[in-house]
Amino acid sequence: MLSQEQNDLLTRVGPGTPGGEMLRRYWLPIALVQELPPQEGGDPPAPVPLRILGEDLVLFRDQQGRPGLIGIHCAHRGADLSYGRVEDGGLRCLYHGWLYDVHGRCLEQPGEPAGSTFYERVRQPSYACREAAGVFFACFGPGEPPLLPDYELFHVPDEHRWIHKYYHECSYLQGNEGNLDPTHPFFLHRFLSGSRSLQSRVPINDQRRTPAYDTRVHAPRVHAEEMPFGVRMYAFYDTSPEWTDVRTSCFVMPLTCAVGGGPVPPGDGYLMNWHVPIDDTHHWRFSMAFKRTGPIDRAHARERASITTADYRFPRNPNNRYLQDREEQKTDTFSGMGPIFVVHDSYATETAGPIQDRTREHLGAVDRGVSLERRMLLHAIRDVQEGRDPPHVMRRPEDNVQLEGLGVTEHRIPAGLTWPQYRREWAGDLAAR
Ligand code: FES
Ligand SMILES: [Fe+2]
């Protein structure tokens, strides 16, 4: 449970808000490269209007293919630059022809008197922007941006990666916190016995990861520890008298989770979900999965991408009550909302309200990861208020070398091992400690 003040600190993201200023210290995904593909000899792609952290922006490539992220409203009289023309080394406003480069510098002001230097004093807001792993990342902070964290998924070939984004009608924080508990899959995402036909028709919801385990009967043991990058969570499922299944997952500052799943077999990579605010009450989930040992199955990847419309929305959404089917709920799925996990997650996070009222919640033992995540975020806000870099903002290359294997693993261990024993004896492959 949080105070209203704490909840506001964590969920208000606009310019000048304490939480927004903290989020602006990090590199955040803002768009997929496929939305603004590099031109190969032809015309530059159409500029893309974006809203991120409550700011209206336009992402474009100049004729050299360089990406630029600048304010969408022209510094002259506010027309929308995303309708503009890419030409003459920048983006030209349709209204009176002012021209801006990828850094927001005004290059031309047709209509001003010959010899005028007014253009030198006009600047469009602009932000650092770069491409990595098929995604545009931007940093909205002041000064020199930090290093882009060196995640393992940046190091695999393109065919080993799968990337998509999804629109969510709620605060980024509750979207992210949806990744942070180890019990909801056994309810929310469960297929009912007798629903094998449904499962076999929908291979993207692989059941390999759900052990014969029922959280209505057994409580998982949950531990969370603070790491330099965020929080590592350990869930112990005492599956049989002989063994325990352990899964680890991570919260990565300030709005990402690394979890098992996605189109990747257990242990051969993992999924990172970035929940990036559009504004206080909407966000994009950027999902990026990678497989260490080989290419991701393309048919599988296409099928996962096809669950959204072309503009990355869900056909099942709050406006149609997620098309919940009470008959399906009797026979096939626990939720009655079809077989797609991210749709279930949308329901769970969006229906808590545009911004969940955390003054009225009651966190339990399974929510240790959530509690620690919030503590770290509140500390990070204070760091920024007091002029320090928050955790996981890295500026020295030597600090940015240990992010391979954030520590998303699965182990089957002998029953009865304690968490400290597990960490000592089994967790040797958890990097970034
Ligand atoms: S409003 Fe853009 S050039 Fe005048
Ligand atoms: Fe989920």
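Since the model is a prediction, treat every value here as computed from it, not as a measurement. What you see as residue numbers is a count from 1 along each chain, following the sequence as written. Following the order in which they are written, the chains are lettered starting with A and the ligands numbered starting with 1. In keeping with the model being predicted, local features are shown solely for residues with a pLDDT of at least 70 and side-chain atom pairs are shown and tallied solely at 80 or more, while totals for entire chains, interfaces and linings include all residues. Excluded from the side-chain calculations are hydrogens and water; all other atoms, namely the structure's heavy atoms, are used.

Asks: Honestly, the overall build of the protein chain in this entry has me stumped. Any pointers?
Replies: We count a stretch as a helix when DSSP gives it H or I for four or more residues in a row; a strand needs E for two or more, and each element gets its number in order from the N terminus. A count of helical and extended segments in the protein chain gives 9 helices and 18 strands. The globule rule is 2.2 Å times the number of residues to the power 0.38, and the radius of gyration it is compared with is taken over C-alpha atoms. Taking 2.2 N^0.38 as the reference for a compact globule, 433 residues should give roughly 22 Å; the C-alpha atoms of the protein chain span a radius of gyration of 23 Å, in line with that estimate. Along the first, second and third principal axes, the C-alpha set of the protein chain runs to 85 × 50 × 45 Å. Expressed as a percentage of its 433 residues, the buried residues of the protein chain come to 54%. Under the convention used here, a 1.4 Å probe and the Shrake-Rupley method define accessible areas, while residue burial counts only the protein chains that appear. Total accessible area computed for the protein chain in this model is approximately 19,100 Å², and 50% of it derives from carbon and sulfur atoms. Averaging the locations of the 48 positively and 57 negatively charged side chains of the protein chain gives two centres separated by 3 Å. Throughout, exposure labels follow a simple rule: accessible area from a 1.4 Å probe, protein chains only, divided by the maximum for the residue type, with under 20% read as buried, over 50% as exposed, and the rest as partly exposed. Neither His nor the chain ends is counted toward charge; the positive residues are Lys and Arg and the negative residues Asp and Glu. Charge positions come from single atoms, namely NZ of Lys, CZ of Arg, CG of Asp or CD of Glu.

Asks: Whenever I open this one, the coordination of the iron ion (ligand 2) confuses me. Can you help?
Replies: Angles at a metal have ideal values that depend on geometry: 109.5 degrees with four tetrahedral donors, 90 or 180 degrees with six octahedral donors. The protein atoms that coordinate the iron ion (ligand 2) are His184 (NE2), His189 (NE2) and Asp345 (OD), at distances of 2.1 Å. Each donor residue of the iron ion (ligand 2) lies on one chain, and together they are spaced H-x4-H-x155-D. Shown as donors are all N, O and S atoms within 2.8 Å of a metal ion, widened to 3.2 Å for Na, K and Ca; because water is not in the atom set, sites may appear incomplete.

Asks: How should the nonpolar core be read in this particular structure?
Replies: In this description, a nonpolar core means a group of buried Ala, Val, Leu, Ile, Met, Phe, Trp, Tyr and Cys residues linked to one another through side-chain atoms lying within 4.5 Å. Membership of the largest hydrophobic core comes to 84 residues, with the highest contact counts inside it found for Ile30, Leu59, Leu69 and Trp274. The element that contributes the greatest number of residues to this core is helix α8 (residues 368–385), accounting for 8 residues. Each of domain 1 (27–139) and domain 2 (152–369 + 386–429) contributes no fewer than three residues to this core. Contact between two residues is taken to exist if any of their heavy atoms lie within 4.5 Å; hydrogens are not considered. Ignoring any residue separated from it by four or fewer positions in sequence, one finds isoleucine 30 in contact with Leu50, Ile52, Leu59, Leu69, Phe136, Ala138, Phe140 and Phe286. Judged by nonpolar contacts, the second largest core, of 14 residues, contains Val58, Ile72, Cys74 and Trp98. Domain delimitation in this document rests on an assignment produced automatically or drawn from a domain database.

Asks: Looking at this structure, how should I read the pattern of salt bridges?
Replies: Side chains bearing opposite charge may pair, as long as their charged atoms lie close to each other. Salt bridges are counted wherever a side-chain nitrogen of Lys or Arg sits within 4 Å of a carboxyl oxygen of Asp or Glu. Enumeration over the complete set of coordinates arrives at 28 salt bridges. Note that arginine 25 is salt-bridged to glutamate 21, the shortest N-O span being 3.6 Å. Classification of arginine 25 as buried rests on a relative accessible area of 19%. Residue glutamate 21 is classed as partly exposed on the basis of its relative accessible area of 26%.

Asks: It is not clear to me how the domain arrangement of the protein chain should be interpreted in this structure. Could you clarify?
Replies: Where interface size is quoted, it is often the accessible area lost as the parts come together. Each domain of the protein chain was delimited in the assignment, giving domain 1 (27–139) and domain 2 (152–369 + 386–429). Each of domain 1 and domain 2 has a C-alpha centre, and these two points are 35 Å apart. Each partner contributes residues to the interface: domain 1 has 16 residues there, and domain 2 has 16 residues. Summed over both partners, the accessible surface that disappears when two parts come together, traced with a 1.4 Å probe, is what is meant by buried area. Overall, the association of domain 1 and domain 2 removes approximately 1,300 Å² of surface from exposure, summing both partners, and the carbon and sulfur fraction of that is 71%. It is Pro29, Leu32 and Ala133 that lose the most area in domain 1 upon contact with domain 2, and together they represent 37% of the buried surface on that side. Viewed at the interface, domain 2 and domain 1 are joined by 2 salt bridges. Between lysine 165 and glutamate 35 there is a salt bridge, and its shortest N-O distance comes to 3.2 Å. What qualifies as a polar contact is a pair of N or O atoms within 3.5 Å, subject to a donor-acceptor requirement within protein and to the restriction that residues adjacent in sequence count only when both atoms come from side chains. Here domain 1 and domain 2 share 5 residue pairs in polar contact (both at pLDDT 80 or more) between them. Among the elements of the structure, β1 (27–32), β2 (48–52) and β10 (135–139) are those that each provide at least two residues to the side of domain 1 that touches domain 2. The element contributing the most residues to the side of domain 1 that touches domain 2 is β1, with 5 residues.

Asks: So what exactly am I meant to see when it comes to the pairing of strand β16 (residues 269–279) here?
Replies: When you tally the buried positions in β16, you get 11 out of 11 residues, the bulk of the element. Two strands form a pair only when DSSP identifies at least two bridges running between them. Bridge count between strand β15 (residues 256–259) and β16: 4 bridges; the pairing is antiparallel. By the bridge assignment, cysteine 257 is partnered in β16 with asparagine 273. Pairing between β16 and strand β17 (residues 282–291): 10 bridges, direction antiparallel. When the bridges of β17 are listed, glycine 269 appears paired with lysine 291. Hairpin remark: β16 followed by β17, antiparallel, with 2 residues in the connecting loop.

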